[in-house]
Amino acid sequence: MSKTIAAISTGAAAGGIGVIRISGDNAIEIASRIFAPLDNSSLTELKGYRAKYGNIIIDGEKADNAVALVFRAPKSYTGEDVAELSVHGGMLLVKKTLEEVLKNGASPAEAGEFTKRAFLNGKIDLTQAESVAELISAAGEESLRASFNALQGALSNKINSVLDKLLDISAVMAAWVDYPDEEIPELSDTELIAALEGCKAELGALLDNYENGQTVTKGVSTAIVGKPNVGKSSLMNMLTGTEKSIVTHIEGTTRDVVEEEVRLGGLVLRLKDTAGLRSSDDLVEAIGIEKAYKALDDAQLVLAVFDSSQELGKDDLDLIEKCSGKRAVAVINKIDLENKLDERALENAFSKVVYISAKNSEGAQELSKAVEELLGVAEFDSSAPMLANARQKQNCENAFSCICEALSAAQAGMTFDAINVMIDSAADELLSLTGKKATTEVVNNIFSKFCVGK
Ligand code: GDP
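Residues numbered from 1 in each chain as written. Predicted model: local features only at pLDDT ≥ 70, side-chain atom pairs only at ≥ 80, totals over all residues. Heavy atoms only, no water.

(A) A look at helix α11 (residues 314-322). Restricting attention to buried positions, one finds in α11 the residues Asp316, Leu319 and Ile320. End-on view of α11: buried residues confined to an arc of 105°, all on one side of the axis. For α11, the exposed residues lying more than 90 degrees away from the buried face are Lys314 and Glu321. (Buried < 20%, exposed > 50% of the residue type's maximum accessible area, 1.4 Å probe, protein only. Helix = DSSP H or I, 4+ residues; strand = E, 2+ residues; numbered from the N terminus. Arc of directions from axis to C-beta.)

Structure below.
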């Protein structure tokens, strides 16, 4: 018997509709006590996948017109009986409806508890559960696509297919060891090595793709740097589409580091607009400049801005030097003005040079293309299976190294039972990855990061 839980599943703000989700053995019974269908029927008689229009009753009085949805176990998100009440989305009304549901016997759901129940009831595996959280927090198109693919099972399918191959090899080897006299089809060393090589290649491809996947889905920390007045804040504003940074004619106005998340093409950039880089005796400005250099050092991507209407000066040359070894794009701004800049010096120093006019919002597409090429994500396929986080990567790496050890053992002609130990360890790692063998601690940790109501 599962405890019946309830929570507000929509956002914590006023909206057109607010949804209260109830899940567990008594979900429909509890919902029926506070929801009266207009046709005088009861939700308890309603089949799954059906909706009724009616009234929410709070403290015996009609409080709102609402729609109730009923799902019958196991055909629901959690795999249990579920009722969802959609009321008008004023925060007070939504909260009062939840309170009434709790008064009638439901317990407040913990963070991620609905999805955790879906996992524990076998509706989804752990990678799919994690993708629900990723889907909710996705800020860019590619990230959205990648997490939806994971939810559809792209990663699970890939991992399960490698797992099946490992279990097949393991079964044949175990049979050989345990029943030497039986007529079990022989597994040659060549076949064993080829099968292990196949598994190694599939996991290797996932691991190789990890960094790119993170770049595309989690966003790229980006520093906008350059001497005062080259147009850093204007570039930031062009990318964000808002007047976030202060744009003025007085040099040194952006004293601190302004941060903003923007979408550029399919990518999300976590942008830092920094103080202008120049030698300065002003203490406050000097602190800002120090922060700017730190932002440059820490960033995964640097947008180094230069003013095309001026010749390169000492501060520009210092910046060019600071950018060496970094993934940096030279952004030549103010191309609407007469050109005085020696572009060749920048083209020699940077692998990517882009010409823009931040003032006229020109050049964003070229910048987007250059950034994607520089980060190596231009050809990135977000529909391919992808490891989404450090936990999944760790399991995959462990499985990969167990397979490498099994391969070395097979090549060295070791016995099947010795090799099989390593194959079983690899299989265990993959089972942890999809959650079939994950510890309670791992599972609790994953769901604690969810929001309440999901
Ligand atoms: P920052 O100090 O590098 O952040 O530079 P700002 O963004 O504050 O810009 C400094 C000045 O350059 C402002 O007067 C902007 O209007 C001007 N500016 C910025 N971008 C352009 C551009 O593309 N063309 C022209 N003509 N002026 C620009």
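Moving on, there is more to tell.
(B) Main features of the environment of Val132. Here Val132 shows up in helix α4 (residues 126-137). In this structure the C-alpha to C-alpha distance between Val132 and Thr10, which are 122 residues apart in sequence, comes to 15 Å. Beyond its immediate stretch of four places on either side in the chain, Val132 contacts Tyr77, Thr115, Leu151, Phe450 and Lys454. (Contact = heavy atoms within 4.5 Å.)

(C) Up close: the pairing of strand β4 (residues 50-58). As paired elements, strand β3 (residues 35-37) and β4 share three bridges and run antiparallel to each other. Counted as the bridge partner of Pro37 is Gly54 from β4. Relative to strand β5 (residues 61-71), β4 runs antiparallel, the two sharing nine bridges. If you follow Ala51 over to β5, its bridge partner there is Leu69. Hairpin connection, β4 to β5: the antiparallel pair is bridged by two residues, and Asp59 has positive phi, about 50°. (Pairing = 2+ DSSP bridges.)

(D) Focus on the packing of aromatic side chains. All chains considered together, the criterion is met by four aromatic pairs. Seen in terms of ring centroids, Phe306 and Phe350 are 5.9 Å apart; in terms of plane orientation they differ by 70°. Their pairing is edge-to-face. Placement of Phe306 in strand β11 (residues 301-307) and of Phe350 in the loop between α12 (343-349) and β13 (352-355) is noted, with a sequence separation of 44 residues between them. Phe306 sits in the buried class, given a relative accessible area of 0%. (Phe/Tyr/Trp six-rings, centres within 6.5 Å; stacked < 30°, edge-to-face > 60°.)

(E) The arrangement of the sheet that holds strand β7 (residues 107-108) in detail. Taken in spatial order, the seven strands make up an open sheet running β3-β4-β5-β6-β2-β1-β7, and their pairing is mixed. The sheet terminates laterally at β3 and β7, the two strands that pair on one side only. Examined bridge by bridge, strand β1 (residues 5-8) and β7 share two bridges and lie parallel to one another. Opposite Ile5, over in β7, you have Ser107 as the bridge partner. Contacting β2 (17-23), β3, β4, β5 and β6 (82-88), helix α1 (residues 27-34) runs over the sheet at an angle of about 30° to β6. (Axes fitted to C-alpha atoms, helices over the stretch in contact; angles between N-to-C directions.)

(F) Quick look at the side chain of Asn55. Within the fold, Asn55 resides in strand β4. A residue is classified by how much of its surface remains accessible, and Asn55, at 9% relative accessible area, is buried. Within the structure, the side chain of Asn55 is placed 2.9 Å from the side chain of Asn65, a separation counted as a polar contact. Other than its neighbours up to four places away in sequence, Asn55 contacts Ile34, Phe35, Ala36, Leu38, Lys62, Asp64 and Asn65. (Polar contact = N/O pair within 3.5 Å; in protein donor to acceptor, adjacent residues only side chain to side chain.)

(G) Up close: the packing of α4 against helix α5 (residues 141-151). With their axes 8 Å apart at the nearest point, α4 and α5 run at an angle of 155° to one another. Considering the angle they form, α4 stands roughly antiparallel to α5. Seen from above, α4 lies across α5 with left-handed handedness. Within the contact between the two elements, α4 uses Gln128, Ser131, Val132, Glu134 and Leu135 and α5 uses Leu144, Ser147, Phe148, Ala150 and Leu151. (Parallel < 35°, antiparallel > 145°, perpendicular 65-115°, else oblique. Left-handed = near helix turned anticlockwise from the far one by under 90°.)

Keep in mind these numbers describe shape, not what the thing actually does.
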